[in-house]
Amino acid sequence: MIPRLSLFAMSFVIGLAGCHGEHGADLSGNANDHLPFHGVQEDEVVRITGAEPFWSGEVKGGQLTYATPEKQAGTVIPVRRFAGRGGISFSGQLGSRAMTLAVTPGNCSDGMSDRRYPFVVTLRLGDDLRQGCGWTARQPWTKAE
């Protein structure tokens, strides 16, 4: 039996597969490709950042470190990885709230710097939905032109 949270994570990523990134880029990819997303390898560190409210963190080795201005050292929580067709997600529990982080390919801007990120990040924390951007060492952020 698949745990309920994993089903939520799967539907979250699958639902995002049809979303559009900046400039209307279709993130659904090739409809004939039924393989799990492989744009981020399991051993890569995924770094994330978001605003309103400000938050940041990284996913590394089955753990997510979630930081805010009030708790800059961050909170470390165990997460499960799921590779869907249009991206990856990480799910776990942050305190009493279910947490799912979805990472999909697409141009992303934090709106506050001149950086361009290769991943759009959506964080569901309990009933809150937050938007952000992500990058890895293999796919780093770049300066906007």
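To be clear, the structure that these remarks concern was listed above.
To start, this report covers the structure provided alongside it. (Residues numbered from 1 in each chain as written. Predicted model: local features only at pLDDT ≥ 70, side-chain atom pairs only at ≥ 80, totals over all residues. Heavy atoms only, no water.)

Before going further, it helps to examine the environment of K143. Residue position: K143 is located in strand β9 (residues 142-143). Considering only alpha carbons, one finds K143 and D114, 29 residues apart in sequence, at a separation of 5.7 Å. A distance of 3.1 Å separates the side chain of K143 from the side chain of D114, its partner in a polar contact. (Helix = DSSP H or I, 4+ residues; strand = E, 2+ residues; numbered from the N terminus. Polar contact = N/O pair within 3.5 Å; in protein donor to acceptor, adjacent residues only side chain to side chain.)

Moving on to the packing of aromatic side chains. Applying the stated criterion across every chain yields a total of 2 aromatic pairs. Both rings, one in W55 and one in Y66, keep their centres 6.4 Å apart while their planes meet at 25°; by these two values the pair is stacked. Separated by 11 residues along the polypeptide, W55 in strand β2 (residues 55-60) and Y66 in strand β3 (residues 63-68) bring together distant segments of the chain. Judged by its relative accessible area of 9%, Y66 falls in the buried class. On the numbers, 5.3 Å between centres and 45° between planes, the contact of Y117 with W135 is tilted. You can see Y117 sitting in strand β7 (residues 115-125) and its partner W135 sitting in strand β8 (residues 128-135), a full 18 residues away along the chain. Each member of the pair Y117 and W135 is classed as buried. Sitting above the plane of the W141 ring, R115 keeps its charged end 3.8 Å from the centroid. (Phe/Tyr/Trp six-rings, centres within 6.5 Å; stacked < 30°, edge-to-face > 60°. Buried < 20%, exposed > 50% of the residue type's maximum accessible area, 1.4 Å probe, protein only. Lys NZ or Arg CZ within 6 Å of the ring centre and 35° of its normal.)

Moving on: the pattern of salt bridges. Close approach of charged atoms allows side chains of opposite charge to pair. According to the stated counting rule, one finds 5 salt bridges in the structure shown. Notably, a salt bridge pairs E58 with R47, separated by 3.7 Å at the nearest N-O pair. On the criterion of sequence distance, the pair formed by E58 in strand β2 and R47 in strand β1 (residues 46-50) is long-range, its members being 11 residues apart. For E58, a relative accessible area of 24% gives the class partly exposed. When the shortest N-O distance is used, the salt bridge between D128 and R130 registers 3.6 Å. With relative accessibility at 34%, the residue D128 sits in the partly exposed group. Connected via shared salt-bridge partners are R97, D128 and R130. (Salt bridge = Lys/Arg side-chain N within 4 Å of Asp/Glu carboxyl O.)

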